[in-house]
Amino acid sequence: MGNLIIEPYIPERDKASIIAMLCENERVNVFQQSDKMLSDAIFVARYNDVTVAFLSFDGFRRRAMTTIFVSKEYRRMGIGAALMAKADGMLSKNAAVERSIGVCKDGDRCSLQFLYKHGYYTSYSSFIMEREGVPLPESNISVRQYEDDDYVICHNIWEIAFYQMHERVGILPSYYYPPNETERKRFAEDRNNRFVMLIDDKIAAVGIIDGSELSHVSVRPDLQSRGYGRAFVSFLINEIIRRGGEIVTLGVVKGNPAINLYKSLGFKEKSLNHLVTKYYKPDTRLSRPPSDLLTGTIQ
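Read on for a plain summary of the structure. (Residues numbered from 1 in each chain as written. Predicted model: local features only at pLDDT ≥ 70, side-chain atom pairs only at ≥ 80, totals over all residues. Heavy atoms only, no water.)

Backbone torsion omega between Leu-172 and Pro-173 reads -5°, so that peptide bond is classified as cis. Structurally, the position occupied by Pro-173 is in the loop between α5 (151–169) and α6 (181–189). The backbone phi angle of Asp-200 is positive, close to 55°, even though this residue is not glycine. Along the chain, Asp-200 turns up in the loop between β8 (194–199) and β9 (202–210). For Asp-200, a relative accessible area of 71% translates into the label exposed. The backbone phi angle of Ser-225 is positive, close to 65°, even though this residue is not glycine. By the element assignment, Ser-225 lies in the loop between β10 (213–219) and α7 (228–242). (Helix = DSSP H or I, 4+ residues; strand = E, 2+ residues; numbered from the N terminus. Buried < 20%, exposed > 50% of the residue type's maximum accessible area, 1.4 Å probe, protein only.)

See below:
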């Protein structure tokens, strides 16, 4: 294939070329995050000494976010397949990695066919939504930042909430993942961006802020449909605005009725993305949460 070389990313040589080829593509944010945090997890394809494509990972853990992008004028030359072979080789040999996930924009049939050909399947689809405007009225609720002692409760609230949502909208396989110390450490390091809402001094809801993005908002199952979600989301939106954000973004799974709440708070659909998955090893998550978590109050 001509003079094609795949090698580690060198910022001084490759960064400008990658930003130029991405232009307004949504993957520019993924690349910039990898460049900032994990530049050693980025590889480039150089064709005749020109950087024409890149491969990046968000880390090598149980679920590895994998991104491959080829400059338009160099597609259909086997460069994407060469990068995929590189990714497969690295991920399949890494003991921590169970699966790779990626995101493909709705309507991009060529990319979906490429991913299907290389063993990926569509797990679910998700709307990216945006809100721009003034702060929202806030309810008289009690919210504080996450603390390390909150870990097990917070973990179980969103694991159960997302497990039940996946069951409702038909995302299969649907799993529960038990608490673990690696995740606990990561949460503690990011505590300034994690919030909990309290009802009667007990944690009733959890949510995360990542820059201007709102994620993992979950209300304890026994307290859902009581207006707590609206009050908590309003607080988190206002917190992003207080931090200087002008546009608040979030993702919501297609079929999740929570989209109606977000629309009522001023969010608009920007795009629809498909999340694809490829397994390298059996999934270590439990297929169902412990029965006491499903039937009782999470405490």
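The discussion continues.
With that settled, the discussion passes to the pattern of salt bridges. Under the criterion given, the structure shown has 16 salt bridges. Ionic pairing is found between Lys-278 and Asp-88, a salt bridge with its closest N-O pair at 3.1 Å. Here Lys-278 is found in strand β12 (residues 268–279), whereas its partner Asp-88 is found in helix α3 (residues 79–93), with 190 residues between them in sequence. A single burial state applies to Lys-278 and to Asp-88, both of which are buried. Ionic contacts of the salt-bridge type, sharing partners, join the residues Glu-7, Arg-13, Asp-14 and Arg-46 into one network. (Salt bridge = Lys/Arg side-chain N within 4 Å of Asp/Glu carboxyl O.)

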